[in-house]
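Now for the letters of each chain:
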There are 2 protein chains.
Amino acid sequence: MAVAVSTSRFADALYRDRLRRAAEEAAARDVDALLVTPSVDYAYLLGYRAPALERLTCLIVPAEGGPSLVVPHLEESLARHELGDLAGDLVIVPWDETEDPFWIVRDLLQGNAMRAAVQDQMWARFVLRLRAALDPIELVEAGPAISALRRIKTLDEIDRLRLAARAADEAIDEIRTERFAGRTERELSARIRQLLLEAGHQSADFAIVGSGPNSASPHHEPDDRVIAVGDAVVLDIGGIRDGYASDTSRTVFVGEVPREYSALYDVLQRAQLAACTAVAPGVPAEEVDRAARRLIAEGGYGDAFIHRTGHGIGMETHEEPYIVDGNAEPLRPGHAFSIEPGIYVAGEWGARIEDIVVCTEDGSEVLNRSSRELISVA
Amino acid sequence: MAVAVSTSRFADALYRDRLRRAAEEAAARDVDALLVTPSVDYAYLLGYRAPALERLTCLIVPAEGGPSLVVPHLEESLARHELGDLAGDLVIVPWDETEDPFWIVRDLLQGNAMRAAVQDQMWARFVLRLRAALDPIELVEAGPAISALRRIKTLDEIDRLRLAARAADEAIDEIRTERFAGRTERELSARIRQLLLEAGHQSADFAIVGSGPNSASPHHEPDDRVIAVGDAVVLDIGGIRDGYASDTSRTVFVGEVPREYSALYDVLQRAQLAACTAVAPGVPAEEVDRAARRLIAEGGYGDAFIHRTGHGIGMETHEEPYIVDGNAEPLRPGHAFSIEPGIYVAGEWGARIEDIVVCTEDGSEVLNRSSRELISVA
C-alpha cells in the first residue's frame, strides 16, 4: 500500500540533503522538531510514499540531531525496504498494536523542546493526541518550513513538470480533434482520463468538463448533460506523471462562436497572457494576479472572475506559492505555478485558460504548448 | 473533482436523518458542534464526496439548531448541485479568496459554544487555524460521535458490503487458477487490480502480493521479485464497489507444500475460524482477537502474529470497531469488520487469511465465500 516515488536509488544523497535542509528551516523558525506523517511532504523528504492510515507513522526531524521514524511494527520491514540505504540515517522505532505511539514521539523529542511543527495534512486525531502527549510543547504549522524547500524546484523537477505539462497538452490536442456534440460530459471526461494515461500519466486525477451553463461553475463535476452545438466547454485536466503534476485548462466552443462569447474570450486571453508576461524574479505573486484581474475588470467582467489566478504545482497539484491578492511574496527562480484566470457568467457560460509557468533567472517559461486560441469543435 | 456517492436522490431523507442523529451524538457528548471537512464522514453525512483541498470547506453540525456549510465561492454552485434538495436544509456560506473562512466558522457557532469537535482526518493546518480563530473554544475529536453512527451498518449497507466482498472473491477465485511461477509480484498485483475492476469495483485500491520472504511483511509493497516454486504468496486485495469497501486475504503456495508450512497454515486456519466463530452480539471486540491469538500462541507462533485481528469496514477500508486487545466494546448487530490473523516468520515466509464478518442479531455472517484452504498454484 506504499508507492515508491520514481527517482532512482542513487538519490539517497538527495533525501539526505532534503532532511538536513528541513532541519535548518526548522531551526530558522525556532521550531525544535518537524513531525511529518505520510503525505507528499513525507515522500519528498524520504523518497517513498506511505499511505495515510489510522496507525501513526511519524517522521521526526529535529532542528538539532538526527531524524527518527516512528512506525507501526507491521510496517517496519516495508519502511526499511523502501528507505534502502537511507534507513541507516534514521533511528527507526517500531510500535506494537497495544502501545501508545504518541508517547514514543514525546520520548524522542529533546527534553528541552518547546515547539514542534506538525505536517500540514496530518490528521486531526493525530494532532489532538500529540497535543495531549506533548503538552506543554506548543504545536505550530510545519507548512512554512517544508514549503520553503518544496517551492523552489530543481532543474530535474522542472524537467518532470515540463514532461507532465506536455503530456497533458497531448491529451488536449487530441480531444479537440474529436466530436463534442452528442457526448455527455461524463463520457468526454472518461475519454480525457484515458488520453492522459496514454500520454504517460500514472494517474489521471481530474478531467473537468463543464459544458453550456456548467462552464460557469469552475469546479464543475462532469455529469450526464449532453453537449450540444452552442455550448462553451471548459476542460480542466491533469494527473501525475513521474511523480509530478500536470494541470491545464482550455476552453472550446461547439459550433459557430457567438460574437458576445468571442469578446469575452478575447478579454480572458489577453488577461492570461498579461499574467504570464508579468512573471519575473522579484515580482510579488499578487502582482501577477493583478495583471490578469485588471484586464478582466477593464473588459467589464470584474465580478465574474471569482477565484485566484493560480497555485503552485509540483509533487502536488496545489501547493505554494499561491498567485493571489494579498500574497506579496516575491517570485523566485524555481517557482512553478498555474496561471488560470477565468470568467464565469452564472446560468450562461464561462471560460478559463490555464498554463503552468516557471519563474526563471531572467523571466519565465510557459510549460504548456497547446494552442490558447478559442477553437470551434464539432 | 467531487464524486457523487451512488445512492439515489430519494435518499435525501437518509442524509437528513444522519445529520439529525449526528447532532444528537454531539449533544450526548457535550459537544456544541461537529466541524467536518471533506472526508468519508462528510460524504456519509451529506451524500457527496468533495475533494480535500487547501481551501476550507467545512460542514458545521451544531448540537442545537440547523447545520451550515462554509464553502469556497468557486465551489458553491458545485455544492448546491451535489446537495440537491438537501441544500434547503443547510445555511450555505460561500467565502471569497481574500476572506478568512475560519472567522466565518466562528461567527456561525453559537455565542456560548464551549467545545467543538473536529473531523478525524481534518488537515492539521485547518485544526491549528480553527484553534486560533475559535479560542477559547476547546477542540476535541469528532471521531466518537460520527463513528457511533457509521459503525452500525444498515441492511442496505450490509448488502453493499456483501456485494463488494463477493466481487473480491471473484478476483481471488480467478487469480488462483492462473500461473504464479515466473511472474513478478508487480505483474500479479496489476492483474488482480484488473480483476477487481472487472468484477465491478469502481476502484482497486490495493493488491498486496507478498511472495517468498516478502510474505512475512504484512503490508509488503509488490516489487520486481519473480515468484518461484517453493514460495508462499500472501494476497491481500480490495477496493470500493458502489461506495463500500472490500478487503480479503488469501494465501497460496507455489508447487508442493512443505510439511512445516502446512502445519503453520493449519494453525492459522483454525485460529481464523475460531475468531469468526467467536463473533456474536455482546462479545467484547478484544475477545475475538483473543480467540485467534490463543490458538496461534498454542501452535507456537505467538510472537509471529504481529498485528491486531481486524478492523471495521464500510465506506472506508479501515474504520471502527477495531478487533484488538484493549477494545472491550461489546459487538452489536450491524458491526462489520475484518478477521485477519497472520503468522509471519521473518526471512522465511508468512500467511494470512482474511474475511469480512458482520455481527448479526443471533451470531455472525461471513461475507466472503472463496475457499480458505491452502491452495497449491502453478
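Before any of the text, the structure's been laid out above.
Everything numeric here is computed off the predicted structure, so don't read it as measured data.

**Comments concerning the overall build of chain A**
Piece 1. A tally of helices and strands in chain A yields ten helices and 20 strands.
Piece 2. At 23 Å, chain A has a C-alpha radius of gyration in line with the 21 Å of a compact globule built from 378 residues.
Piece 3. In terms of its C-alpha atoms, chain A occupies a principal-axis envelope of roughly 70 × 40 × 40 Å.
Piece 4. For chain A, buried positions account for 61% of its 378 residues.
Piece 5. As displayed, chain A has an accessible area near 13900 Å², and 51% of this comes from carbon and sulfur atoms.

**Looking at the interface of chain A and chain B**
The accessible area lost on association of the parts is a frequent measure of interface size.
Piece 1. The interface of chain A with chain B comprises 45 residues on the first partner and 45 residues on the second.
Piece 2. Buried surface at the junction of chain A and chain B, both sides included, amounts to about 4200 Å², of which 56% is carbon and sulfur.
Piece 3. Run the count over chain A and chain B and you get five salt bridges.
Piece 4. For Glu54(A), the salt bridge identified is with Arg308(B), shortest N-O distance 2.4 Å.
Piece 5. At the boundary of chain A and chain B, one finds 21 residue pairs in polar contact (both at pLDDT 80 or more).
Piece 6. At the level of elements, α3 (76-83), α5 (124-134), β8 (138-141) and β9 (203-211) of chain A are the ones that each hand at least two residues to the side of chain A that touches chain B.
Piece 7. Top contributing element to the side of chain A that touches chain B by residue count: α5(A), with six residues.
Piece 8. Across the side of chain A that touches chain B, the residue classes tally to 20 nonpolar, eleven polar and 14 charged.

**Things to note about the sheet that holds strand β6 (residues 91-95) of chain A**
Residue and element names in this part refer to chain A.
Piece 1. An order of β6-β5-β4-β2-β7-β8 is seen for the six strands of this open sheet, with the pairing classed as mixed. Every other strand in the sheet has two partners, leaving β6 and β8 as the edge strands with one partner each. Each adjacent strand pair in this sheet contributes to an overall mean axis angle of 25°, direction not counted.
Piece 2. Packed onto the sheet, helix α1 (residues 12-28) meets β2 (33-36) and β4 (58-62) and runs at close to 65° relative to β4.

**Here's the deal with the relation of the copies chain A and chain B**
Piece 1. In the superposition of chain A on chain B (RMSD 0.0 Å, axial shift 0.0 Å), the rotation amounts to 180°. Taken together, the rotation angle and the small translation identify this as a two-fold axis.
Piece 2. The share of interface residues of chain A whose copies in chain B are also at the interface is 100%, consistent with both copies meeting through the same surface.

**Some thoughts on the packing of helix α4 (residues 101-108) of chain B against helix α5 (residues 124-134) of chain B**
All names here are of chain B.
Piece 1. Packing of α4 against α5 leaves a shortest axis separation of 9 Å and a crossing angle of 55°. Taken as axis vectors, α4 and α5 run oblique relative to one another. Once α4 is placed against α5, the crossing between them reads as right-handed. Of α5, the residues touching α4 (which contributes Phe 102, Trp 103, Val 105 and Arg 106) are Phe 126, Arg 129, Leu 130, Ala 133 and Leu 134.
Piece 2. Its residues placed into classes, the contact of α4 with α5 shows seven nonpolar, no polar and two charged.

**A word on the environment of Arg49(B)**
Piece 1. Mapped onto the elements of the fold, Arg49(B) is located in strand β3 (residues 48-49).
Piece 2. Through-space distance from the C-alpha of Arg49(B) to that of Ser39(B) is 7.2 Å; in sequence the pair is ten residues apart.

**Regarding unusual backbone geometry**
Residues apart from glycine generally show negative phi values, whereas peptide bonds are mostly found in trans.
Piece 1. Cis peptide bonds are those with omega within 30 degrees of zero, and the linkage from Glu320(A) to Pro321(A) qualifies with -5°.
Piece 2. Its location among the elements puts Pro321(A) in strand β14 (residues 319-323).
Piece 3. Despite not being glycine, Asp242(A) shows a phi value in the positive range, around 55°.
Piece 4. At Asp30(B), a residue that is not glycine, the phi angle is positive and equals roughly 60°.
Piece 5. With respect to the helices and strands, Asp30(B) occurs in the loop between α1 (12-28) and β2 (33-36).

Cut-offs and rules
- Residues numbered from 1 in each chain as written.
- Chains lettered and ligands numbered in written order.
- Predicted model: local features only at pLDDT ≥ 70, side-chain atom pairs only at ≥ 80, totals over all residues.
- Heavy atoms only, no water.
- Helix = DSSP H or I, 4+ residues; strand = E, 2+ residues; numbered from the N terminus.
- Rg over C-alpha atoms; globule rule 2.2 N^0.38 Å.
- Buried < 20%, exposed > 50% of the residue type's maximum accessible area, 1.4 Å probe, protein only.
- Areas by Shrake-Rupley, 256 points an atom, 1.4 Å probe, with all protein chains shown as cover.
- Contact = heavy atoms within 4.5 Å.
- Buried area = accessible area lost by both parts, 1.4 Å probe.
- Salt bridge = Lys/Arg side-chain N within 4 Å of Asp/Glu carboxyl O.
- Polar contact = N/O pair within 3.5 Å; in protein donor to acceptor, adjacent residues only side chain to side chain.
- Nonpolar A, V, L, I, M, F, W, Y, C, P; charged D, E, K, R; others polar.
- Pairing = 2+ DSSP bridges.
- Axes fitted to C-alpha atoms, helices over the stretch in contact; angles between N-to-C directions.
- Least-squares fit on C-alpha atoms with pLDDT ≥ 70 in both.
- Parallel < 35°, antiparallel > 145°, perpendicular 65-115°, else oblique.
- Left-handed = near helix turned anticlockwise from the far one by under 90°.

Read these as spatial facts, not as claims about activity.
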